[in-house]
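The residues making up each chain are set out below.
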Amino acid sequence: MIKQLGKLYAVGVGTGDSELLTLKAHRLISTVDVVAFPEKDKGSQASFAHQIVSGALQDEEIQGEKLFLHFPMSRDPQINIPAWREAALSLIARLQRGKDVVFATEGDPSVYSTWAYIQEELQELLPQLEIEIVPGITSVTAIPAQTQIPLADGQERFCVVPATWGLSCLPRLVEEFDTIMLIKAGRIVPQLTALLESMDMLACATYVSHATTDKQEVYQDLRDVPEGHRYFSMVQLSVRSRRGVLRGTSVEQDSTDQSLQQIKASSLAKESAA
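What counts and what doesn't
Residues numbered from 1 in each chain as written. Predicted model: local features only at pLDDT ≥ 70, side-chain atom pairs only at ≥ 80, totals over all residues. Heavy atoms only, no water. Phe/Tyr/Trp six-rings, centres within 6.5 Å; stacked < 30°, edge-to-face > 60°. Helix = DSSP H or I, 4+ residues; strand = E, 2+ residues; numbered from the N terminus. Pairing = 2+ DSSP bridges. Axes fitted to C-alpha atoms, helices over the stretch in contact; angles between N-to-C directions. Salt bridge = Lys/Arg side-chain N within 4 Å of Asp/Glu carboxyl O. Buried < 20%, exposed > 50% of the residue type's maximum accessible area, 1.4 Å probe, protein only. Core = buried A, V, L, I, M, F, W, Y, C linked by side-chain atoms within 4.5 Å. Contact = heavy atoms within 4.5 Å. 1 Å grid on protein atoms, 1.4 Å probe; cavity = no way out; pocket = protein on both sides within 12 Å on 5 of 7 lines; lining within 4 Å. Points joined across faces, edges and corners; volume = space filled by probe spheres on them. Nonpolar A, V, L, I, M, F, W, Y, C, P; charged D, E, K, R; others polar.

Chemist: Any chance you could explain the packing of aromatic side chains here in plain terms?
Modeler: Within a pair of aromatic rings, the relevant descriptors are the distance that separates the centres and the angle that separates the planes. Evaluation of the coordinates by the stated rule reveals seven aromatic pairs. An angle of 40° between the planes, with centres 4.8 Å apart, marks the rings of Phe48 and Phe232 as tilted. In this pair, Phe48 sits in helix H2 (residues 48-54) while Phe232 sits in the loop between strand S9 (217-219) and strand S10 (233-238), placing the two residues 184 residues apart along the sequence. With a centroid separation of 5.8 Å and an interplanar angle of 45°, the aromatic rings of Phe103 and Trp115 are classed as tilted. With Phe103 in strand S4 (residues 101-105) and Trp115 in helix H4 (residues 115-125), this pair connects stretches of sequence that are 12 residues apart. An aromatic cluster of at least three residues, connected via ring pairs, comprises Phe48, Tyr231 and Phe232.

Chemist: Help me out: how do you make sense of the sheet that holds S4 in this one?
Modeler: Each strand in a sheet pairs with another by means of backbone hydrogen bonds, the pair being arranged parallel or else antiparallel. Strand order in the open sheet formed by five strands is S3-S2-S4-S1-S5, with parallel pairing between adjacent strands. One side of each edge strand has no neighbouring strand; the edge strands of this open sheet are strand S3 (65-70) and strand S5 (131-134). The mean angle between the axes of side-by-side strands here comes to 25°, regardless of whether they run parallel or antiparallel. Note that strand S2 (residues 34-39) and S3 share six bridges and pair parallel. Across the sheet, Val35 pairs through a bridge with Lys66, a residue of S3.

Chemist: Is there a simple way to explain the pattern of salt bridges in this structure?
Modeler: Oppositely charged side chains are able to pair whenever their charged atoms sit close together. This model, assessed by the stated rule, comprises 12 salt bridges. Where Arg85 meets Glu121, a salt bridge forms, and the shortest distance between an N and an O atom there is 2.4 Å. Linking Arg85 in helix H3 (residues 77-95) with Glu121 in helix H4, this pair joins segments that are 36 residues apart in sequence. Salt-bridge contacts for Glu217 lead to Arg230; the nearest nitrogen and oxygen are separated by 3.0 Å. Of this pair, Glu217 sits in strand S9 while Arg230 is found in the loop between S9 and S10, placing the two residues 13 residues apart along the sequence. In this structure Glu217 comes out as partly exposed when scored by relative accessible area, which is 25%. Linked through salt bridges whose partners overlap, the residues forming this network are Lys7, Lys24, Glu130 and Glu132.

Chemist: Please explain the nonpolar core as it appears in this structure.
Modeler: Side chains that are nonpolar tend, in soluble globular proteins, to be buried together. Counting residues in hydrophobic clusters, the biggest one holds 27 residues, and the most contacted among them are Leu170, Val174, Ile180, Leu192, Leu196, Met201 and Leu237. For this core, the secondary structure elements donating two or more residues are strand S6 (158-162), helix H6 (163-176), strand S7 (179-183), helix H7 (189-198), strand S8 (205-209) and S10. If we ignore the near neighbours within four places in the chain, the residues touching Ile180 are Cys159, Val161, Leu173, Val174, Val235, Gln236, Leu237 and Val239.

Chemist: Help me understand the sheet that holds S8, please; the structure alone is not making it clear to me.
Modeler: Pairing in this open sheet of five strands is mixed, and the strands run S6-S7-S10-S8-S9 from one edge to the other. Both outer strands of the open sheet, S6 and S9, are each paired with one neighbouring strand and no more. The mean angle between the axes of side-by-side strands here comes to 15°, regardless of whether they run parallel or antiparallel. Examined bridge by bridge, S8 and S9 share three bridges and lie antiparallel to one another. The residue of S9 that forms the bridge with Ser209 is Glu217.

Chemist: What am I meant to see in the layout of surface pockets here?
Modeler: Using a probe with the size of a water molecule, rolled over the atoms, empty space left in the structure can be pinpointed. Here the largest pocket is characterised by a volume of approximately 1600 Å³. Lining the largest pocket are 49 residues, and of these Met73, Glu106, Lys184, Tyr231 and Phe232 lie nearest its centre. Only S2, H2, H3, helix H5 (139-147), H6, S8 and S10 provide two or more residues apiece to the lining of the largest pocket. Class assignment for the residues of the lining of the largest pocket results in 21 nonpolar, 18 polar and 10 charged.

The structure is reproduced here in structure tokens:
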């Protein structure tokens, strides 16, 4: 008799505050046969996702096996791909025994998550596997909750981009979008600060690291951000040129806010000089 495959749940556990764990995530993590957590260093069990879950569930409340899977902090495919394949095979071994498994990931599984790598491996190795993705609180919404600057309203537009890529196209982005969320910004704060100063937009930027955790830091001025890489960091750039449309007004009509016009003028001046 062929044993039925278990079911796999990709569960987002949020940005750091354990009280932001969803009810569904709480139920699944406490009842499934296996709960898998990504770890940075092999064998260390150092997992931010596990840390978040531990704040909401005691170890004895997790009925299933706790499985730590190694995801290297590397950009080298020769290092990453074998690790992803090994992690996928560890999950498959349990799923083939009919066990239901949660793969817990910080934030949301669909937003710049380790889940994306394991999903590709599983779809190739075990295409008949039943997967359910359970969304979690993402930094894209957690950051505006800390800055208390709306992500968007009315007819405003926002985008989310990796900060290193955003540097090269920021003049175009600020014309098209009202809010730009620059993720993983820790490494490029000095370059971003210089660029925003040249665009006369430094006042539009807010830096947040480790949002919703006890390590959270918020800087209204990027020049005040201390040196040093912060992995869990993001810059919210709020231009908001379409704010007030539904009230019958627009920031573009307000003489006290000239940021977008200044950007356009700067761009035109550079084109003329070229």
